[in-house]
Amino acid sequence: MVSLTLLSIPILAFKYIDYVSRSRSSENISEEVSLNKQLAYQVDLFLSVHPYSKPLALLVATLLLICLGGLALFGVKDDNLAECLWLSWTYVADSGNHTDSEKIGERLVSVSISFGGMLIFAMMLGLVSDAISEKFDSLRKGRSEVVEQNHTLILGWSDKLGSLLNQLAIANESLGGGIVVVMAERDKEEMELDIAKMEFNFKGTSVICRSGSPLILADLKKVSVSKARAIIVLAEDGNADQSDARALRTVLSLTGVKEGLRGHIVVELSDLDNEVLVKLVGGDLVETVVAHDVIGRLMIQCARQPGLAQIWEDILGFEHCEFYIKRWPQLDGMHFEDVLISFPDAIPCGVKVASLGGKIILNPDDSYVLKEGDEVLVIAEDDDTYAPAALPTVISNSFKVKEASFIHIARTARKPQKILLCGWRRDIDDMLVVWRGSLPQDFIVPKSTERILFCGWRRDMEDMIMVLDAFLAEGSELWMFNEVAEKEREKKLIDGGLDVSRLVNINLVNREGNAVIRRHLESLPLQSFDSILILADESVEDSAIQADSRSLATLLLIRDIQAKRLPMVTRAERGSFYQGSWIGEMQQASDKSVIISEILDPRTKNLLSMSKISDYVLSNELVSMALAMVAEDRQINDVLEELFAEEGNELQIRQADLYLREGEELSFYEIMLRARQRREVMIGYRMEKAERAAINPPAKSERRRWSGKDVFVVIAEKE
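Residues numbered from 1 in each chain as written. Predicted model: local features only at pLDDT ≥ 70, side-chain atom pairs only at ≥ 80, totals over all residues. Heavy atoms only, no water.

Caption draft 1: Looking closely at the sheet that holds strand β8 (residues 346-353). The strand order across the open sheet built from four strands is β7-β10-β8-β9, with neighbouring strands paired in antiparallel fashion. Each end of this open sheet is capped by a strand with a single partner; those strands are β7 (322-326) and β9 (359-362). The average undirected angle you get between the axes of adjacent strands in this sheet is 30°. Here four bridges tie β8 to β9, and the two strands are oriented antiparallel to one another. Each residue of the ladder has a partner; that of V353, found in β9, is K359. (Pairing = 2+ DSSP bridges. Helix = DSSP H or I, 4+ residues; strand = E, 2+ residues; numbered from the N terminus. Axes fitted to C-alpha atoms, helices over the stretch in contact; angles between N-to-C directions.)

Structure representation (structure tokens):
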């Protein structure tokens, strides 16, 4: 009776308070809120605000049940209160413990306690089950925190991610692998499934995926952004301005991390015009790679110099040779001409000058003396595969640049220029640096006019035209064939800052048509072009598959039309394809003109490379390689920017007759020194019958007989 009375007291008190509150609020019925609703609201608020409210409520209910049950048992049994409380707990914990009860009152109380215990444990089981499910769901969806440091963090998801992960895995192979964390606004399971489908070996590198937004500081903290050694912000597929705007907001979020950033930020941008703003926001933390601009400039370079695309792939990727910067104290006081031949397993091509604040000078003068703090930029297979050695003694004095035999080499004469500098900068001395040293007397080789065809329209068409106008000889022709109306083309070029009337060396020829329709292409003199650039058209660049399908169709149509118009060369067999086959005819057409195809998906590139009907293919894979290199060493970005820019040094392919005579027997070192007479750094060669160039070749001191049809790869100033 006491237990029942105690149980009924809260109910009666609750009903009484509710009755009083209703009677007091009868005058203002519109604002009446019952005690039931108030209590329900407070309970709901408590359960939603406090994370441990459910276990706490369950604990209170359990203790209340034990206490009331103990009091009830104390009223029907002869035992003391402590024994009754313990017995009440046993009934709550195990509903079968009351079977030995004999009296009616004792049985009623024990059964009631057992029913309450079953209810308590059912609630407890539900809470435990929900907690376990929530934890597994959090792990499955990538909400857990990444406890790593010195890892590479990739923010965003694009079609370049596969190539980027592959390059990072190759770069970390010498270290036994590394950690790469990918965070994107995608489901974690989908990301892991897509990465698992990528057909390459991670070589010990672990890839960790997390779902989240780089614009939310809590998500950035979840992937240990402050402890990452490099952060790569990928451009989104789609509209260029929207992608760059999101990259800008991401950089703002990264700069707002309270703990600070240990590593640097590598941002992939889609439009060159947005680069200044991102650098302004990110400051010294940010290195930018403008993907669209890089591909456009590389296409022009490779169209003018067949074979350059393969060389860029070898240098940008980590599979062959790449750029490294390191300090060697034993080289202090040496001239660059001696440093050039001091590395048997690497090729020095520049110096990071400590006195100029770490500025990297590509292709410095031979008379430059390395000082304390200077570092040497080399091309080597890996950062631990090269070291300086004693100067070669195979040929005593011929290794000195000033005593090396030299063939008078053609060199385009430079025109005098008049430049006005308005204002004063603290680095004005760097801007006025003039290269010194005696150069041989060169004679002038006039440039020949060229005819180039652009198939498709890019959003940076005006930049490509200006670059071509600077490179080509006067009187060259640039044909533009696309579906954009001629008046609209002029408007787009003017909006981009290009005044067609101010072009000096090239004449624009506009043709309107669809590049995947044969009759439209047949209206063009395809057999007369020196180079043809198939561009990923602006209208389909958002879809890599659609853009590549269009480029592939255009390529096949152009090669077939060229093959039909060119006379067939009689050969028993051409490579692996016999005379008379359609692909054999297309391969013959490839000997007459160079076609550069802009390919976005690496899988399409592999198909074209196997068929050999497109001599040189560029893809987004090159951009992924550049991003990986800058992520591993941010100093390399200065080197790449100069090699991609309109001014300064660039990669060039030279004919062998510039450095040697037919059948002459020379070592690679000797040819390097002859190249230095032209102020060039020779980094490799390609033999007449070789499919690929040898960058940083071994056995540089060994002499060999060279052919006049061999070609050499050099770093030289743009002419």
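Caption draft 2: Fine view of the packing of aromatic side chains. Counted under the stated rule, the structure contains 10 aromatic pairs. Each member of the aromatic cluster is reached from another via a ring pair, and the members are Y659, F668, Y685, W706 and F712. The aromatic ring of F529 is capped on one face by R451, whose charged end is 5.9 Å from the ring centroid. The ring of W706 carries the charged tip of R704 above its face, separated from the ring centre by 5.0 Å. (Phe/Tyr/Trp six-rings, centres within 6.5 Å; stacked < 30°, edge-to-face > 60°. Lys NZ or Arg CZ within 6 Å of the ring centre and 35° of its normal.)

Caption draft 3: Structural context of the pattern of salt bridges. The full count for this structure, using the stated rule, is 30 salt bridges. In this structure, E477 engages R451 in a salt bridge whose closest nitrogen and oxygen atoms are separated by 3.1 Å. Placement of E477 in strand β12 (residues 476-482) and of R451 in strand β11 (residues 451-455) is noted, with a sequence separation of 26 residues between them. A relative accessible area of 25% places R451 in the partly exposed class. Note that K491 is salt-bridged to D495, the shortest N-O span being 3.1 Å. You can see K491 and its partner D495 sitting in helix α16 (residues 486-495), four residues apart, about one turn around the helix. The same class applies to K491 as to D495, namely exposed. Residues joined in a network through salt bridges with shared partners are R518, E522, D560 and K564. (Salt bridge = Lys/Arg side-chain N within 4 Å of Asp/Glu carboxyl O. Buried < 20%, exposed > 50% of the residue type's maximum accessible area, 1.4 Å probe, protein only.)

Caption draft 4: Seen up close, the UniProt feature "transmembrane region" (unreviewed entry) in the chain. Those residues carrying the UniProt feature "transmembrane region" (unreviewed entry) are residues 56-76 and 108-128 in this numbering. For the annotated span residues 56-76, helix accounts for 100% and strand for 0% of the residues, and the straight-line distance between the end C-alpha atoms is 30 Å. Taken end to end, residues 108-128 has its terminal C-alpha atoms 30 Å apart, with 100% of it in helix and 0% in strand. (UniProt positions renumbered as here; feature names shortened; annotations may be inferred.)

Caption draft 5: How the structure looks around the confidence of the model for the chain. Confidence in the prediction for the chain averages 80 pLDDT; 80% of positions are at 70 or higher. Considering only residues more than four positions removed or in separate chains, one finds that residues 394-414, a stretch of pLDDT under 50, has 56 contacts. Low confidence marks residues 433-445, where pLDDT is under 50. Its contacts with residues over four positions away, or in another chain, come to 26 contacts. (pLDDT = per-residue confidence, 0-100. Contact = heavy atoms within 4.5 Å.)

Caption draft 6: Geometry of the sheet that holds strand β19 (residues 649-655). In spatial order, the strands read β19-β24-β21-β22; together these four strands make up an open sheet with antiparallel pairing. On the outer flanks of this sheet lie β19 and β22 (694-695), each paired with one strand and no other.

Caption draft 7: View of the nonpolar core. Within the largest apolar cluster, 124 residues are counted, with the highest numbers of intra-cluster contacts made by I154, F323, F454 and L533. The element contributing the most residues to this core is helix α21 (residues 620-632), with nine residues. Split by domain, this core shows at least three residues from each of two domains, domain 2 (152-300) and domain 3 (451-564 + 587-614). Listed in part, the 24 residues of the second largest apolar core include L155, L220, V257 and V286. (Core = buried A, V, L, I, M, F, W, Y, C linked by side-chain atoms within 4.5 Å. Domains from an automatic or database assignment.)

Caption draft 8: Expanded view of the pairing of strand β13 (residues 506-512). With seven bridges joining them, β12 and β13 adopt parallel strand pairing. Residue pairing in the sheet places S476 in a bridge with I506 of β13. The handedness of the β12 to β13 crossover, carried by α16, is right-handed. (Right-handed = clockwise from strand over helix to strand, strands pointing away.)

Caption draft 9: Molecular detail of the environment of S448. Position of S448 among the secondary structure elements: in the loop between α14 (428-431) and β11. Each C-alpha atom of the pair S448 and S476 lies 8.3 Å from the other, and the pair is 28 residues apart in sequence.

Caption draft 10: Region of interest: unusual backbone geometry. For N150, which is not glycine, the phi dihedral falls at a positive 60°. Classification of N150 by relative accessible area gives partly exposed; the value is 45%.

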